Structures are given as C-alpha cells and as structure tokens.
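Chains, contacts and geometry: an overview
Residues per chain are reported as follows:
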Amino acid sequence: MKIIHISDIHLTIPGEEMGGLDPHARFARALADVANHHADAERLVITGDLAHWGEVDAYEALKSALEGARIPVRLMIGNHDNRANFLKVFDSHPADANGYVNYAETLNGTRMIYLDSVGHKTHAGHFCSQRRTWLDAELANAERARIFLHHNPMPVGLPAEDKIALVRADRAAFKALLETHSARIDYIHFGHVHAPIHGRFAGIPFASVPSTGNQSLPDMTETEVLTGAPLEPAFFVLLIDGDDTTIHQIPFAWDGPVMTSGTGWDDWAKPNMTAAE
C-alpha cells in the first residue's frame, strides 16, 4: 500500500506568514502534488503542527483545504496545536476516552496507530500513563502495527532539538512499552524536527519527515537555539509491502531545471566516445 506522510504544515490565519513563508500556499502545493501524482495512495497522514498558533480560523482553513480530498486524511496534533480548538473545528474527529487525540484503524492487515503526544504549554512531547495504557491495549491486540506521532520519541543527536523531544520520564516508559511489542511494530513515523532523520529505536526502524515550510539545519553542538532555513520542503511517500517499507522524499515545490537520461550503458557515455571505448 502507499501512504502519504506530511507534517508540520503550520497553518496560520489566512494572510499571515509563518517564518517568512506563506504556509497555506506551501500546503496547497503539497496537496496538488499528491492529487496529481499519488491519487492511488490509501491514506494521507499529517502528523501535527497543523496550526502554528492553534487558532480556530487556522483549523477552519485546514478544513477547507482538505474538502474534496480523494484520499482519506488522518490528522494528528503537535506542540503548536491547541487540542480544544482542533476538536472544536473537527468536531467529529475521534479521540480516546480521556480526550486525547489517539485513535487507530486496521488497513490491509496493519493496525495504523495515530498518537497524541502533546503536553500543556510546552513544546516538548508527553505521553502519560493514560495514553500508554491505551497504546498498550492497541498493540496487544494487533498482529502488525505502524505508529505515527508528532514528537520524536527518542533523542536524535541534535541537542537543541532533543530538548523538545518526548520528555525523559515519558520516553523511558514509552521505550519500554515499545520493546514489549517490538516484534509486531513495523515502523515509527513522526515529524517535529523538520528534517529527514532515519534510524532504529527500541529495535524498531523510524523516520522523520521534513516540513512543508522551513527546514531545520542539523547542528550537533548547539544546545539552546533551534536553527532553520527556507530550504526546499518535502513530504514522504511510504511504499509498504507487508513488513517491508520503502520511503521516498518528494521535493514537491522544486521548480528548477529537471534533467533526464536513459538507463542504457551508452546513455551515460562521455560525449564523442563510442561504446567500445
């Protein structure tokens, strides 16, 4: 199956910029690229930071932007989001018994698990005991699972970024839960760091997707300040076959030159040279 993974769209009240960019225009280009090239995808998953300042009007703009989408959309919240405002606008959106935006579905034999890792007035991630109990039950009843959330649940080697990862106490408990169920978890997907980072955590492969806005610059020595730049945005296309996963990064906003070449040996020959040479 094919899954589109988008994150950190940071929508504002229409007309307001975010980081010197128009986040609505960037998001619209991403959606257009998905519609034009990936209409066969089974889900479009957006892993949080839907609205930069969490305003109702920003969520209303998101709701309008998604109207008519031919691919089923799955939304999550991030640290820039306001849970109450999100649920006010998306009033039929699923949530768990404790009001967290945790929900799941089974797709082609895989339990797709969408997590709420948001704390109160903090940019760091939180996943309390109530949420862990919910996730434990989901994983215990799944033959195969794939987890999506906003925050990186592990440190990624960027000290400033890691200050706003899942907080240390919740991280240890979350990792222990993952280790208990690692044999049935195929992948962990998240956003938050505005960069493509890949690895393994608790024995499970993970990948973070770039933002549709500004991208972070990997500074492995800076401990306090987050650094970023208006680099090319991207989203991921996940190609999933059982427990095998291939991830393509799609630079949807690139409008520069595109070069083409054939795949035969002679197609790459130096000009004025024969194949024999």
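Structure first, text after, so check above.
Overview of the structure. A quick note: this is a predicted structure, and the numbers were derived from the prediction, not measured.

A short note on the overall build of the protein chain
The secondary structure content of the protein chain amounts to 6 helices and 13 strands. Seen along its three principal axes, the alpha-carbon backbone of the protein chain occupies a region of about 70 × 45 × 45 Å. Looking at the 277 residues of the protein chain, the share that counts as buried comes to 50%. The averaged location of the 36 negative side-chain charges in the protein chain is 5 Å from the averaged location of its 22 positive side-chain charges.

Details of helix H4 (residues 129-140)
With 12 residues, H4 ought to run about 16 Å at 1.5 Å a step, and its terminal C-alpha atoms sit 16 Å apart, in line with that. Those residues of H4 not exposed but buried are Arg-131, Trp-134, Leu-135, Glu-138 and Leu-139. Buried residues in H4, looked at end-on, bunch into an arc of 130 degrees, giving them a common side. Buried residues belonging to H4 abut helix H3 (83-89), strand E4 (103-107), strand E5 (110-114), strand E6 (145-148), helix H6 (168-181) and strand E7 (185-190).

Here we look at the packing of H4 against H6
Axis separation between H4 and H6 bottoms out at 10 Å; the angle between their running directions is 10 degrees. Classified by the angle between their axes, H4 and H6 sit roughly parallel to one another. Of the residues in H6, those touching H4 at Arg-132, Leu-135, Asp-136, Leu-139 and Ala-140 are Asp-170, Ala-173, Phe-174, Leu-177 and His-181. In terms of residue class, the contact of H4 with H6 is built from 6 nonpolar, 1 polar and 3 charged.

Focus on the environment of Ser-261
Residue placement: Ser-261 occurs in the segment after strand E13 (244-250). Residue classification places Ser-261 among the partly exposed positions, given a relative accessible area of 41%. With near-sequence residues (within four places) excluded, Ser-261 lies in contact with Asp-267 and Trp-268.

Remarks on the packing of helix H1 (residues 23-37) against helix H2 (residues 56-66)
Packed helices, taken two at a time, are described by their axes: the angle between them and the distance between them. Where H1 meets H2, the axes come as close as 11 Å, and the angle between the chain directions of the two elements is 25 degrees. In terms of orientation, H1 and H2 fall into the roughly parallel class. Relative to H2, the crossing made by H1 is right-handed. Where H1 abuts H2, its residues His-24, Phe-27 and Leu-31 lie against Ala-61, Leu-62, Ala-65 and Leu-66. Of the residues in the contact of H1 with H2, the class split is 6 nonpolar, 1 polar and no charged.

Structural notes on the pairing of strand E1 (residues 2-6)
Burial runs high along E1: 5 of the 5 residues are buried. Side chains of E1 alternate between two faces, with Lys-2, Ile-4 and Ile-6 and Ile-3 and His-5 buried alike. In terms of strand pairing, E1 meets strand E12 (residues 235-241) through 4 bridges, oriented antiparallel. Bridge pairing in E12 places Lys-2 opposite Leu-239. Where E1 and strand E2 (residues 43-47) come together, 4 bridges link them in parallel fashion. By the bridge assignment, Ile-6 is partnered in E2 with Ile-46. The parallel pair E1 and E2 is bridged by H1, and the resulting crossover is right-handed.

Each value, and the rule that gives it
Residues numbered from 1 in each chain as written. Predicted model: local features only at pLDDT ≥ 70, side-chain atom pairs only at ≥ 80, totals over all residues. Heavy atoms only, no water. Helix = DSSP H or I, 4+ residues; strand = E, 2+ residues; numbered from the N terminus. Buried < 20%, exposed > 50% of the residue type's maximum accessible area, 1.4 Å probe, protein only. Lys, Arg positive; Asp, Glu negative; His and termini not counted. Charge placed at Lys NZ, Arg CZ, Asp CG, Glu CD. Expected span 1.5 Å × (residues − 1). Arc of directions from axis to C-beta. Contact = heavy atoms within 4.5 Å. Axes fitted to C-alpha atoms, helices over the stretch in contact; angles between N-to-C directions. Parallel < 35°, antiparallel > 145°, perpendicular 65-115°, else oblique. Nonpolar A, V, L, I, M, F, W, Y, C, P; charged D, E, K, R; others polar. Left-handed = near helix turned anticlockwise from the far one by under 90°. Pairing = 2+ DSSP bridges. Right-handed = clockwise from strand over helix to strand, strands pointing away.

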